[in-house]
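Listed below, chain by chain, are the residues.
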Amino acid sequence: MARSESLSHTERRLNRPVRPILRDEDGRLPHESEFLRQLGIRVREMRALRGMSRRELARLSGLSERFVAQIEAGKGNVSIVRLLRIALVFRCE
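Just so you know, these numbers come straight off a predicted model, no measurement behind them. (Residues numbered from 1 in each chain as written. Predicted model: local features only at pLDDT ≥ 70, side-chain atom pairs only at ≥ 80, totals over all residues. Heavy atoms only, no water.)

Caption draft 1: Highlighting the packing of aromatic side chains. Applying the stated criterion to the full structure yields zero aromatic pairs. Positioned above the aromatic ring of phenylalanine 67, the side-chain terminus of arginine 82 is 4.7 Å from the ring centre. (Phe/Tyr/Trp six-rings, centres within 6.5 Å; stacked < 30°, edge-to-face > 60°. Lys NZ or Arg CZ within 6 Å of the ring centre and 35° of its normal.)

Caption draft 2: Structural detail: the side chain of serine 61. Here serine 61 is to be found in helix H4 (residues 54-61). Assessed through its relative accessible area of 6%, serine 61 is described here as buried. Only 2.8 Å separates the side chain of serine 61 from the backbone oxygen of leucine 57, close enough to count as a polar contact. Look past the residues within four positions of serine 61 in its chain and what remains in contact with it is Arg85, Ile86 and Val89. (Helix = DSSP H or I, 4+ residues; strand = E, 2+ residues; numbered from the N terminus. Buried < 20%, exposed > 50% of the residue type's maximum accessible area, 1.4 Å probe, protein only. Polar contact = N/O pair within 3.5 Å; in protein donor to acceptor, adjacent residues only side chain to side chain. Contact = heavy atoms within 4.5 Å.)

Here it is in structure tokens:
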């Protein structure tokens, strides 16, 4: 029996060269960055539809204006709870 035939699936997998995981300048995977970018676009659109300033959204959601700006720029890593706060502001308007 050849050596490669006697290796388990895990052993064969571990013997393969490992490809590096490509990350962006913020250390995020491409799909994570795209998700945050799309989220930022949507938050900005929802805010604009309501004629709301960043300051007003920040005040109503309990977030800082700077953090709202980061979210809209696709740079803020938003927790589920913070996203819920923003969603509730838009829902209650």
